[in-house]
Amino acid sequence: MATLPLPPVAGPFIQSLRSIGYSLESAVADVIDNSISAQANTVDIYTEWRNSDPVLAVMDDGHGMSPNEAQAAMQLGAVGPADSRSSEDLGRFGMGLKTASFSQCKSLTLITRKSAALDWYGLRWDLDLVERENSWLVVEMDPAECQDFLNEVELSFSKGTAVIWNTFDRAIDPTAVSGERDYDRRIVALIDHLALTFHRFIRGEEVSRKVNLRLNGKSIAAKDPFATKPEPNKQASTILSNETIRLGACSVGVKAYLLPHPTNLSHSFAKKVSQGGDHHSGQGIYIYRAGRLIVSGGWHRLAKASEANKLARIQVDFGNDADSLWRIDVRKSRVDLPSSLREQLRRVITQCAKKSSTTFTRRAKMPSVDPEPVWQRVFDRDKSRVHYILNRKHSALSEMLVVLGDSDTRSALIKLIESSLPVELIKNDMSATNIKMQQEPDDLFHHCIDLAEELFNAGIDKELIQRALVNDSNIGLTPDKANKIVSKLGTL
Ligand SMILES: Nc1ncnc2c1ncn2[C@@H]1O[C@H](COP(=O)(O)OP(=O)(O)OP(=O)(O)O)[C@@H](O)[C@H]1O
Ligand SMILES: [Mg+2]
């Protein structure tokens, strides 16, 4: 077989790389991914208009890089998509730093060090130089030059990494009446995007680390599309289901939320949950990779966007071990839903959408405060098998289990209850046409009083009892009725 070397031509190639479809928001998010993967506690974004010569820097206090690592970081293709990564690594292709930066600017500077005792080490891609020389030449900076660059962007860390964009030409719209005002508008949109994309890291929820994300010194507040933390005295969302679905060797978390009715949120809070405070555009599936949001909303042809569905939001979580299954792209802004997951999602979405529309038609059945189901459904795709487990995080349940003393006793009891769930009997009863399945008793209110008393006597906190009465999908008391019962506890 005859072969012929045909390497890319540096000048035109690097220019073409500028147009692979990043927006300012997705480009900055890609650089921040690297900071989070480098175990940063704080990520500072610095930006200034500088009289039509804007600059933007992303700086972190993460583990930094040695000179050799920095060279590999700046080289295109030094790391490949097949290389193995830790489960917390938000990268995949070994491209993001370069492609995201080139999409926005013509001068990319990387300055880094692993500890305060070392000199800063810096490298700079200057696209004009690469084009002029038609060669992959990177500028190596001395420590004094590094320090000058860091002073300019007001670095406040003694170690870590700074990524600095100069000749930031793509941030300027030559047709804008006021370039500076247009730039400010882009920065506001950027803050919005980062607040949503990294909301779990900002709050430190369901991710490996909490990260303080700041722009020009001001912390960015999380934008939680599921409204899990309600305003004082307001309703939170309801978790309708929470299950784990196995796809080959990987697992996918699927959690269905129902947002509170819009009249139960103030406009300023609604704006934190949905763009412009309107739930309609934010309905749909939110897909997270290793805790970082990739896709926000939309139904992916599994349902229709409608007024009736607008309270329905589905959180879908996958790990970076499933990247090829999801066909993630370099920009981390789109994925393909694996076809074997679609049917499972359709079922969850149908249930969630139904609840959304009944919330509008039957306001009496309002979602409750901070609900957690007692039972969780776990679906194993490979074996087409479903089983139910107790939700160990259920607040009242976990508090009661503590009474049982050591954790071995607790887990033995949980296992016993889970394994003795009378599935066959339930199936028979469900299929018998002359028997009505009903878990809650006819006299629900009195049953709740008895249940509340028993929990109270067992030493459970009144607030937890109140929540259990409201959140249990079989009981589902209104907050008012639950309050009535709980306020009488101890006096009956
Ligand atoms: N802020 C940082 N701190 C420490 N190391 C970094 C930082 N930024 C980049 N790196 C190193 O440089 C490498 C290349 O980064 P780059 O963003 O180009 O690719 P990636 O993160 O590996 O994959 P992807 O293309 O999916 O983003 C990273 O894998 C990491 O080792
Ligand atoms: Mg990266």
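Predicted model, so just to flag it, every value in this text is computed and none were measured.

Draft legend 1. Spotlight on the overall build of the chain. Looking only at helices and strands, the chain features 18 helices and 15 strands. The dimensions of the chain, computed from C-alpha atoms along their principal axes, are 85 × 60 × 50 Å. Counting every position in the chain, which comprises 492 residues, the buried fraction comes to 36%. Taking all contacts inside the chain whose residues are at least 6 apart in sequence as the whole, residues at least 24 apart take part in 67%.

Draft legend 2. Region of the structure containing the sheet that holds strand β13 (residues 312–318). The strand order β12-β11-β13-β10-β9-β14-β15 describes an open sheet built from 7 strands, whose pairing is mixed. Each edge of the open sheet is held by one strand with a lone partner, namely β12 (292–296) and β15 (385–390). Recorded for the sheet is a direction-independent mean angle of 25 degrees between the axes of neighbouring strands. Of the strand pairs in this sheet, strand β11 (residues 284–289) and β13 are connected by 6 bridges, and their pairing is parallel. For Gly284, the partnering residue across the bridge sits in β13 and is Arg313.

Draft legend 3. Up close: the sheet that holds strand β5 (residues 139–141). The strand order β5-β4-β3-β6-β2-β1-β7-β8 describes an open sheet built from 8 strands, whose pairing is mixed. The sheet is open, and its two borders are formed by β5 and β8 (218–219), each paired with just one other strand. Of the pairings in the sheet, the one linking strand β4 (residues 121–126) to β5 comprises 3 bridges and is antiparallel in character. Within the sheet, the bridge partner assigned to Leu123 lies in β5 and is Glu140. Sheet strands in contact with helix α2 (residues 24–37) are β1 (42–48), β2 (55–60) and β6 (160–166), and its direction is about 20 degrees off that of β2. In the packing of helix α4 (residues 96–104) onto the sheet, contacts are made with β3 (107–113) and β6, and the angle to β6 comes to roughly 30 degrees.

Draft legend 4. Broad picture of the confidence of the model for the chain. Chain-level pLDDT for the chain is 88 on average; 94% of the residues reach the 70-or-more range. pLDDT under 50 marks residues 363–370. Its contacts with residues more than four places away, or in other chains, come to 24 contacts.

Draft legend 5. Here's a closer look at the nonpolar core. Val28, Ala57, Val58, Val153 and Ala162 are the most contacted members of the largest nonpolar core, which totals 58 residues. The element best represented in this core is α2, accounting for 7 residues. Not counting the four nearest positions on each side in its chain, Ala162 is found in contact with Ala57, Met59, Ile111, Leu150, Val153 and Leu155.

Draft legend 6. Structural view of the site of ligand 1. Around ligand 1 sit 20 residues in total, of which Asn34, Ala38, Ala73, Gly91 and Gly96 are the nearest. Elements with a minimum of two residues in the shell around ligand 1: α2 and α4. Examining the composition of the shell around ligand 1, we find that 4 residues originate from one element, α2, more than from any other. Of the residues belonging to the shell around ligand 1, the class tally is 8 nonpolar, 7 polar and 5 charged.

Draft legend 7. Examining helix α17 (residues 462–471) more closely. Within α17, 7 of the 10 residues are buried, leaving the element largely enclosed by the surrounding structure. Buried residues of α17: Ile465, Gln466, Arg467, Ala468, Leu469, Val470 and Asn471, and no others.

Draft legend 8. Molecular detail of unusual backbone geometry. For Glu154, which is not glycine, the phi torsion reads 55 degrees and is therefore positive. The class of Glu154 is partly exposed, set by 13 C-beta atoms lying within 10 Å. Even without glycine at this site, His300 takes up a positive phi of about 50 degrees. Within the fold, His300 resides in the loop between β12 and β13.

Draft legend 9. Fine view of the packing of α2 against α4. Taken N-terminus to C-terminus, the directions of α2 and α4 make an angle of 150 degrees; their axes are 9 Å apart at the nearest point. Classified by the interaxial angle, the pair formed by α2 and α4 is roughly antiparallel. The element α2 and its partner α4 pack so that their crossing is left-handed. Between α2, through Leu24, Ala27, Asp30, Val31, Asp33 and Asn34, and α4, the contact on the second element is made entirely by Gly96, Leu97, Ala100, Ser101, Ser103 and Gln104.

Draft legend 10. Focus on the environment of Ser339. Residue placement: Ser339 occurs in helix α12 (residues 339–361). The spatial distance from the C-alpha of Ser339 to the C-alpha of Ile245 is 13 Å, given a sequence separation of 94 residues.

Draft legend 11. Local environment of the environment of Arg334. For Arg334, the location among the structural elements is in the loop between α11 (323–326) and α12. A residue is classified by how many C-beta atoms lie within 10 Å of it, and Arg334, with 14 of them, is partly exposed. Spatially, the C-alpha atoms of Arg334 and Ser52 are 32 Å apart, while their sequence positions differ by 282 residues. Not counting chain neighbours up to four residues away, the residues in contact with Arg334 comprise Val295 and Asp329.

Draft legend 12. Main features of the environment of Ser357. Mapped onto the fold, Ser357 is located in helix α12. The partly exposed category is assigned to Ser357, around which 16 C-beta atoms lie within 10 Å. Placed 208 residues apart in sequence, Ser357 and Phe149 show a C-alpha to C-alpha distance of 55 Å. Dropping the residues within four chain positions of it, Ser357 is found in contact with Ala308 and Asn309.

Draft legend 13. Quick peek at the pairing of β13. Counting buried positions over the 7 residues of β13 gives 6, a clear majority of the element. Across 6 bridges, the pairing between strand β10 (residues 250–258) and β13 is antiparallel. Paired with Ala256 across the bridge in β13 is Ile314.

The rules behind the values
Residues numbered from 1 in each chain as written. Chains lettered and ligands numbered in written order. Predicted model: local features only at pLDDT ≥ 70, side-chain atom pairs only at ≥ 80, totals over all residues. Helix = DSSP H or I, 4+ residues; strand = E, 2+ residues; numbered from the N terminus. Buried ≥ 20, exposed ≤ 12 C-beta atoms within 10 Å, placed from the backbone. Contact = placed C-beta atoms within 7 Å. Pairing = 2+ DSSP bridges. Axes fitted to C-alpha atoms, helices over the stretch in contact; angles between N-to-C directions. pLDDT = per-residue confidence, 0-100. Core = buried A, V, L, I, M, F, W, Y, C linked by C-beta atoms within 7 Å. Near = placed C-beta within 6 Å. Nonpolar A, V, L, I, M, F, W, Y, C, P; charged D, E, K, R; others polar. Parallel < 35°, antiparallel > 145°, perpendicular 65-115°, else oblique. Left-handed = near helix turned anticlockwise from the far one by under 90°.

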